[in-house]
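As a plain string of letters, each chain reads:
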Amino acid sequence: MRRLLSVLLLAAAALVALPSAPASAGTVADYPEFPYPATAYDEPYRGQFHFSPRSGWMNDPNGMVYYRGTYHLFFQHNPHGLAWDTMHWGHATSTDMVHWTQRPIALEPGVHAGDLWSGNGVVDTANVTGLKSGDDDPILVFAGTNGVTVQYSTDGAKTFQSFDHGRKVAVPSGTSRDPHVFWHAASNRWVMVVWNDGGGNGATFYTSANLLDWTYASRLAAGWFFECPDMFPLNVDGSAANQKWVLTDASGEYVIGSFDGTAFRPDWSSPQRMDLGTNTADGTFYAGQTFTGVPDGRVIQMSWQPGNHGSTWTGDQTFPAELALKSFPEGVRLTRTPIRELASLRSGGIALGSRTINGPLAITAADTYEVTAEFDLAGATASSFGLRLHTRADGTYDRAVAYDRAAGTLYGRPLTPVNGRVKMRVLVDRGQLEVFGNDGRLSVSDNVNFNSATTSQGLQVYSENGAVTLTSLQFYRLGKAWGTGESTLDGNLAGPWTANGGTWTDVAGGKQGTATGDAFYLSSTNAADFTYEGDVKVVSGTAAALTFRDQYSANVDTSGVVKLWRPGREIATFATPIATGRFYHLKVVAAGSRLRVYLDHGATPVIDATDTQYTSGRLGLNVFHGTAVLANPTLNGVGLRTNLAGPWRPAGGTWTVPGAGLKGNAGGDAFYLSSTNAADFTYEGDVKVVNGTAAALTFRDQYSANVDTSGVVKLWRPGRDIAVYPTQILEGRTYHLRVVARGPSLAVYLNGTKVIDASDSTYASGYLGVNTFNGTATFQNLTVSA
């Protein structure tokens, strides 16, 4: 996290304002936010393969982790404006570090403790924190100024909770920020390095066995060292026998040395710089961080580029680069090279063999691309040579990447030829230029506003004032990396999804479709016999549906029916009131020609029909004559496990089924009631406060037994808190509640232990259900017995 003064200077340069709400803190009721307008990522100067936010301000990359097949990129973010303000943690995911999909906000002020400035993240695969609750390993991210706070996720980074209400787990002296945590295998413990200025600039080290309790270990005083530390081991020239630790700061300065698990001892008295762009908070390369947990052990870095901005966003990230330590005549140095996954964007290759260049030689016309060219300086007479990018017919161009023979510089930075040769590799995007010399010995990250008009897309290799030998040149077009994932449509259906009619946009909690007639949004999942379920809401207009076997749709229709239909035939209907503005849960069970439709967790289908027209096809979504939001399309999922009768009905809040279990969200109290009415019973289930205050089992219509993150289990009804039991209740943790009701006797059990034994005779019977208060809660395994 860089100094606010630099931030404000950069913000002033943005010149335009995002047409949205001012910067603000969030609330647990609307967490996680997705406050982004639709974009095709085609705005002028928008990188096509460099990550930038859909809208808003972005600065430092944060919390970069690999988890179960997915890379997570978090970043400093103001989603509500183009200038630095009210820092959130934005979130994007990728399976290859190339194709990124923006996700809902990860950390929000007003929801999560602390100031949420920069830090990094790790995955607790061994559950040393004890925070695991469910199938997912805890993902921890560390942040905070003048003391380190911990946020954690127990659902694969969909949501995060603040550890111990934001208690600071380490407090370095002076001003401090930007904690970076890593595993040190030799000492079998976790290490944290934090920048602080108590006694001058430097790095303070802490160690921990459980990621939550930290012990001071040592401090490295270093005047050059400022902000955003990163630290990792690398083998020199690939030799495990010669491993060095690398300590870096925000400007890309670094030193190598040894680390014994407590103290870092640098080999050098002064640092080198890994990238020779403009290394400031208003420049083109700043606050670089590396991923933790990369499966093949590569050390891969992304860095903030402050100099890119457009009509709706500010800031981008460099293309991911693999870091290595290599020996050169001047000593061991860090190299940066684009990750090999870049190849997934390549097309239209052009290769040139050895030839003499004397003046300009046109190669092709292109907008976004990669060029690698090698030159032999033997016999060269040219004063300079290289590549001209985005040339025009009048001889002008947007940028030249030139090697100056007399100065010995590439793109104005020093580069010594290797065996008499100079190799240059450039990545050209609409607002970014990355230059790599001699296989990563030189790295220069730049922001350039390229003119992408078709008349300004020429590419030349050239020489000036003489000739030079081009030994080889390889050109590739680089395609668009956007649009391959779903930002808000959770579920287990395969992509890519394809729209057939209407307008489909990402909104908080699902996919929104708008159409004047029928419109479909189809996944790539093809199925014949299955259970397919999801949540559908008619916002305005007529109907919303789950589509299956390409042609069938089961909908809720505001004319007052649930309908099963296909083109040319209305197969069956079930009369029931359907309201706009609330989610209904639909489930389709298809077995051959038999098609059953279930509504709101009922055990009996509301439609049980046969039709032989279509035996298999894709699964998807449908909207008819209006606007609808559809969520959680799931094939053969767990769903809500319960023996309570349906249909269930909401009383406030939003209620959906995110693949497994029931989720409720509300700003105050909200209830979801089954059709099971009972007097004396045992009622139990698993409840979790994801974020916010409380989650409860509701019984006899009016009583609720909850877990409350203020630190109690509570039995209450409107107008009276009947009994409380003090105990720690954590957000993100699942608790098992059981209620035994016998006349006025009401007992509540927490994880098998009776914690409340009370009496209240106000209500003798009523419906069973669940309750959430001031936040989001989940529920599963809801069962009743005599």
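The structure under discussion appears in the preceding block.
Summary of the structure given here. Here, residues in each chain are numbered from 1, in the same order as that chain's written sequence. Local features in a predicted model are, by the rule used here, given only for residues with pLDDT of at least 70; side-chain atom pairs are given and counted only at 80 or more, and totals for whole chains, interfaces and linings are based on all residues. Heavy atoms throughout the structure, all of them, feed into the side-chain values; hydrogens and water do not.

## A short note on the overall build of the protein chain
- The helix and strand inventory of the protein chain stands at one helix and 57 strands.
- A principal-axis box enclosing the C-alpha atoms of the protein chain has dimensions of 100 × 65 × 45 Å.
- Only protein chains enter the area calculation, which uses a 1.4 Å probe; residues under 20% of their type maximum are buried, those over 50% are exposed, and those in between are partly exposed. Across the 786 residues that make up the protein chain, the buried fraction comes to 60%.
- Within the protein chain, counting contacts between residues at least 6 apart in sequence, those at least 24 apart form 62% of the total. Helix and strand assignments follow DSSP, with helices taken as H or I runs no shorter than four residues and strands as E runs no shorter than two, numbered in order from the N terminus. The contact criterion used throughout is that any non-hydrogen atoms of two residues lie within 4.5 Å.

## Some remarks on the pattern of salt bridges
- Put simply, a salt bridge is a Lys or Arg side-chain nitrogen that is within 4 Å of an Asp or Glu carboxyl oxygen. With the rule as written, the count across this model stands at 42 salt bridges.
- Between Arg336 and Asp275 there is a salt bridge, with the nearest N and O atoms lying 3.5 Å from each other. Remark: Asp275 occurs in the loop between β17 (272-273) and β18 (286-290) and Arg336 occurs in strand β22 (residues 331-338); sequence separation between them is 61 residues. Each member of the pair, Arg336 as well as Asp275, is classed as buried.
- Among the salt bridges present, the one from Arg421 reaches Asp376, with a minimum N-O distance of 3.8 Å. You can see Arg421 sitting in strand β31 (residues 421-428) and its partner Asp376 sitting in strand β26 (residues 369-376), a full 45 residues away along the chain.
- Since its relative accessible area comes to 32%, Arg421 is described here as partly exposed.
- The exposure class assigned to Asp376 is buried, which follows from its relative accessible area of 19%.

## Describing the packing of aromatic side chains
- Note on ring pairs: Phe, Tyr and Trp rings are taken, using the six-membered ring of Trp, and paired if centres are within 6.5 Å. Classes follow the plane angle, with under 30 degrees stacked, over 60 edge-to-face and the rest tilted. In the structure shown here, the tally under the stated rule is 40 aromatic pairs.
- Here Trp195 and Phe226 contribute two aromatic rings whose centre-to-centre distance is 5.0 Å and whose plane-to-plane angle is 85 degrees, an arrangement assigned as edge-to-face. With Trp195 in strand β10 (residues 189-196) and Phe226 in the loop between β12 (215-221) and β13 (230-235), this pair connects stretches of sequence that are 31 residues apart.
- With a relative accessible area of 2%, Trp195 lands in the buried category.
- With a centroid separation of 5.9 Å and an interplanar angle of 75 degrees, the aromatic rings of Phe681 and Phe699 are classed as edge-to-face. Accessibility classification places Phe681 together with Phe699 in one group, the buried group.
- Ring-pair connections join several aromatic residues into one group, and the members of that group are Tyr41, Phe51, Tyr66, Tyr71, Phe75, Trp100, Phe291 and Trp482.
- A cation over a ring is seen here: Arg649 above Tyr767, with NZ or CZ 4.2 Å from the ring centre. A ring has a charge above it when a Lys NZ or an Arg CZ is no more than 6 Å from the ring centre and no more than 35 degrees off the ring normal.

## Section: the sheet that holds strand β8 (residues 161-162)
- As summarised here, the arrangement of the four strands in space is β5-β6-β7-β8, forming an open sheet in which the pairing is antiparallel. In this open sheet, the two strands that pair with only one neighbour each are β5 (121-123) and β8.
- Paired strands are those between which DSSP finds at least two bridges. Alignment of strand β7 (residues 149-153) against β8, held across two bridges, turns out to be antiparallel. Its bridge partner being in β8, Gln151 is matched across the sheet by Ser162.

## Some words on the nonpolar core
- In this structure, Phe142, Trp214, Phe699 and Val707 are the most contacted members of the largest nonpolar core, which totals 60 residues.
- At seven residues, the largest contribution of residues to this core is made by strand β50 (residues 681-699).
- If sequence neighbours within four positions are ignored, Trp214 has contacts with Phe142, Val169, Ala170, Val181, Trp190, Val191, Met192, Tyr206, Thr207 and Ser208.
- By nonpolar core we mean a set of buried residues, namely Ala, Val, Leu, Ile, Met, Phe, Trp, Tyr and Cys, connected to one another through side-chain atoms within 4.5 Å. By size, the runner-up hydrophobic cluster in this structure holds 37 residues, among which are Ile571, Ala590, Ile607 and Leu621.

## Details of the pairing of β31
- Summarising burial for β31: six of the eight residues are buried, a large majority.
- Relative to strand β32 (residues 433-437), β31 runs antiparallel, the two being bridged by five bridges. Paired with Val426 across the two strands is Val435, which belongs to β32.
- Connecting β31 to the next strand, β32, in antiparallel fashion are four residues.

## Re the sheet that holds strand β29 (residues 409-410)
- If you walk across this open sheet you meet the six strands as β25-β34-β27-β28-β29-β30, and the pairing is antiparallel. Here the strands that pair on one side only, and so sit at the sheet edges, are β25 (361-365) and β30 (413-414).
- Summarising the sheet, strand β27 (residues 384-391) and strand β28 (residues 397-404) pair through seven bridges and their orientation is antiparallel. Bridging from a neighbouring strand, Phe385 pairs with Tyr403 of β28.

## A few points about the environment of Gly166
- Among the secondary structure elements, Gly166 is positioned in the loop between β8 and β9 (176-184).
- The spacing of Gly166 and Asp518 is 352 residues in sequence and 49 Å in space, taken between C-alpha atoms.
- Filtering out sequence-adjacent residues up to four positions away, Gly166 remains in contact with Ala113 and Thr149.

## Structural notes on the pairing of β28
- Where β27 folds back onto β28 in an antiparallel hairpin, the turn is made up of five residues, including Gly395, whose phi is positive at roughly 95 degrees.
- Of the pairings in the sheet, the one linking β28 to β29 comprises two bridges and is antiparallel in character. Following the sheet pairing, Asp404 is matched in β29 by Thr409.
- Following β28, the chain reverses through four residues before pairing antiparallel with β29; Gly408 in that reversal takes a positive phi of roughly 70 degrees.

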